[in-house]
Amino acid sequence: MNALPAGPAAPSSLVEAADGSVVSRVLLRTGGGVMTVFAFAEGEGLTEHSTPHEATILLLDGTLQITVGDDEYRVETGELLHLPAGVPHTLHGGAPFKMLLTLMKDAALEN
């Protein structure tokens, strides 16, 4: 499933926040991974979770507070953060923000 625009586009323009919710749009899904853009409304976040896959977050708009394992980070617009496979992480709500999540599947884990 691919929902990438036909031409150039600012990733932050591909999803809009809705009051009291987290909105996501899968842009690209292949056997090797998934690229998803998210818009978080004010006060929204994600509870602790982990994935068996390597991932990165590219903050498109706003500021994000995130806990990765025992480490706490403040991520600013334009910054990239690696989420190691198997390490729990939590996204802390606050002001609205948008991010691009890229999840890279490890073929060895799929077998």
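Worth saying up front: this structure is predicted, and the values here are computed from it rather than measured.

A. The arrangement of the overall build of the chain in detail. Counting its secondary structure elements, the chain contains 1 helix and 9 strands. In the chain, the order of α-helices and β-strands from amino to carboxyl end is β-β-β-β-β-β-β-β-β-α. Expressed along its principal axes, the backbone C-alpha trace of the chain runs to roughly 40 × 40 × 25 Å. Look at the contacts in the chain between residues 6 or more apart in sequence, and 59% of them connect residues 24 or more apart. Just so you have it, the chain exposes about 6,200 Å², and 54% of that area is on carbon and sulfur atoms. Taken together, the 5 basic and 14 acidic charged side chains of the chain have centroids lying 11 Å from each other.

B. Up close: the sheet that holds strand E2 (residues 33-40). Taking strand neighbours across the sheet as the criterion, the 5 strands line up as E1-E2-E9-E4-E7 in an open arrangement whose pairing is antiparallel. Of all strands in the sheet, those with a lone pairing partner are strand E1 (22-30) and strand E7 (80-83), marking the two edges. Sheet twist, expressed as the average angle between the axes of neighbouring strands with direction ignored, equals 20°. Bridge count between E1 and E2: 8 bridges; the pairing is antiparallel. From the neighbouring strand, valine 26 faces E2, where its bridge partner is threonine 36.

C. Broad picture of the environment of glycine 45. Assignment of secondary structure puts glycine 45 in the loop between E2 and strand E3 (46-49). Sequence-distant contacts of glycine 45, that is, excluding residues within four places in its chain, are made with Val22, Phe40, Leu91 and Gly93.

Reading guide: rules and limits
- Counting from 1, residues in each chain are numbered in the order their sequence is written.
- At least 70 in pLDDT is required for a residue's local features to be given in this predicted model, at least 80 for side-chain atom pairs to be given and counted, and no such filter applies to totals for whole chains, interfaces and linings, which use all residues.
- Side-chain numbers come from the whole structure's heavy atoms, not from hydrogens or water.
- Runs of H or I in DSSP of at least four residues are treated as helices and runs of E of at least two as strands, each being numbered from the N terminus.
- Contacts: residue pairs with any heavy atoms within 4.5 Å of one another.
- Throughout, the Shrake-Rupley method with a 1.4 Å probe supplies accessible areas, and for residues the shown protein chains are the sole cover considered.
- His is not counted, nor are the chain ends; Lys and Arg add positive charge and Asp and Glu add negative charge.
- Lysine's charge is taken at NZ, arginine's at CZ, aspartate's at CG and glutamate's at CD.
- When DSSP finds at least two bridges between two strands, those strands are taken to pair.
- Here the axes come from fitting lines to C-alpha atoms, over the contacting stretch only for helices, and the angles between their N-to-C directions go from 0 to 180 degrees.

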